[in-house]
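One-letter residues, chain by chain:
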Amino acid sequence: MGIFDENIKTGQDFEKTLVEGSAEDLNELKSWLFRENIRIETEKGELKRLQDKFFKEKQQFQDEMTAVNRRLVVERKRLKQDEQFFDKKMDILKNGFMQLDAERRQFEKEKINFEAQRDVHESYLRQEQEMDMARVLFQGVKSQLALKKRYRDLIKMFHPDNIAGDHEMILVINSVYEEMKKDYEVGKQA
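Parameters at a glance
Residues numbered from 1 in each chain as written. Predicted model: local features only at pLDDT ≥ 70, side-chain atom pairs only at ≥ 80, totals over all residues. Heavy atoms only, no water. Helix = DSSP H or I, 4+ residues; strand = E, 2+ residues; numbered from the N terminus. Rg over C-alpha atoms; globule rule 2.2 N^0.38 Å. Buried < 20%, exposed > 50% of the residue type's maximum accessible area, 1.4 Å probe, protein only. Areas by Shrake-Rupley, 256 points an atom, 1.4 Å probe, with all protein chains shown as cover. Lys, Arg positive; Asp, Glu negative; His and termini not counted. Charge placed at Lys NZ, Arg CZ, Asp CG, Glu CD. Salt bridge = Lys/Arg side-chain N within 4 Å of Asp/Glu carboxyl O. Phe/Tyr/Trp six-rings, centres within 6.5 Å; stacked < 30°, edge-to-face > 60°. Core = buried A, V, L, I, M, F, W, Y, C linked by side-chain atoms within 4.5 Å. Contact = heavy atoms within 4.5 Å. pLDDT = per-residue confidence, 0-100. Patch = residues over 30% accessible without salt bridge, like charges linked within 9 Å, V, L, I, M, F, W, Y side chains within 5 Å.

Along the backbone of the protein chain there are 5 helices and 0 strands. For 190 residues, the compact-globule estimate of 2.2 N^0.38 gives 16 Å, and the C-alpha radius of gyration of the protein chain, at 61 Å, exceeds that figure by more than 25%. Along the longest, intermediate and shortest principal axes, the C-alpha atoms of the protein chain span 175 × 35 × 20 Å. Counting only residues that meet the buried cut, the protein chain has 12% of its 190 residues in that class. Split by element, the accessible area of the protein chain, about 16,100 Å² in all, is 57% carbon and sulfur. Across the protein chain, the mean location of the 36 positive side-chain charges is 9 Å away from that of the 39 negative side-chain charges.

A word on the pattern of salt bridges. Pairing of side chains with opposite charge becomes possible as their charged atoms draw close. If you walk through the whole model with that rule in mind, you get 11 salt bridges. Of the charged contacts, one joins Arg-104 and Asp-101 as a salt bridge, the two residues approaching to 2.7 Å between their closest N and O atoms. Placement of the pair is Arg-104 and Asp-101 together in helix H3 (residues 23-137), with a separation of 3 residues, close to one helical turn. For Arg-104, a relative accessible area of 46% gives the class partly exposed.

Turning our eyes to something else, we now look at the packing of aromatic side chains. According to the stated counting rule, one finds 2 aromatic pairs in the structure shown. Ring plane angle 20 degrees and centroid distance 4.0 Å describe the contact between Tyr-151 and Tyr-177, whose orientation is recorded as stacked. Taken as a pair, Tyr-151 in helix H4 (residues 144-158) and Tyr-177 in helix H5 (residues 167-189) lie far apart in primary sequence, 26 residues in all.

Another aspect to go through is the nonpolar core. Grouped together as the largest cluster of nonpolar side chains are 14 residues, with contacts concentrated most on Phe-138, Leu-147, Val-172, Ile-173, Val-176 and Met-180. Elements supplying a minimum of two residues to this core: H3, H4 and H5. Other than its neighbours up to four places away in sequence, Val-176 contacts Met-131, Ala-134, Arg-135 and Phe-138.

With 92% of its residues at a pLDDT of 70 or more, the protein chain shows a mean pLDDT of 86. Confidence, read as mean pLDDT per element, is least for helix H1 (residues 3-6) in the protein chain (48) and greatest for H3 (91). Taken as a whole, residues 3-8 scores under 50 in pLDDT and shows 15 contacts with residues more than four places along the chain or in a different chain.

With respect to the secondary-structure elements, Ile-92 resides in helix H3. Residue Ile-92 is classed as exposed on the basis of its relative accessible area, which comes to 60%. The spatial distance from the C-alpha of Ile-92 to the C-alpha of Ala-116 is 36 Å, given a sequence separation of 24 residues.

Moving on to the environment of Met-65. Along the chain, the position of Met-65 falls in helix H3. Classification of Met-65 by relative accessible area gives partly exposed; the value is 35%. Here the alpha-carbon distance between Met-65 and Glu-28, two residues 37 residues apart in the chain, equals 54 Å.

To continue, consider a nonpolar patch on the surface. A contiguous nonpolar surface patch, about 520 Å² in accessible area, is contributed by Phe-86, Met-90, Leu-93, Phe-97 and Leu-100. Mapped onto the elements, Leu-100 comes out in helix H3.

Below, the structure written as structure tokens:
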């Protein structure tokens, strides 16, 4: 470990030692070359070990990336299927709500129509009842003079200014009076 460890730095130094060096220098050079050879072989082994480790890690990384990519593809397919399923469900719901809205509008139309028919029917029944009641009020009238007298009495009773006044009843009384008056006039002409 003398001069070769620190002093030999170039190929020329080796040649000089080989040509001019003593046996001791040559043994020292030989010993140093042996140690360097062992160190280089050790370094090669370490490099080979690191290279193998690197290739294993690279292979493991590639395997993991392949597995991740497969899972990613599977998840994307599942996500796309879920999205399509969700879109179908949304379409079904939209169609259902549109149908419900159409049925609700149809029901509202039918309800309005029914209420209008009911109001007309109730109005007709009420008019019939009022007409019947007005005819009852004019019952027993046998002459045109008695008809006029009954008419004036009924108008006084049901006049809207009275406490028991009823505007609709006045209209019905007028209608029945006109009807009966025409009947008496037709009877005079016959």
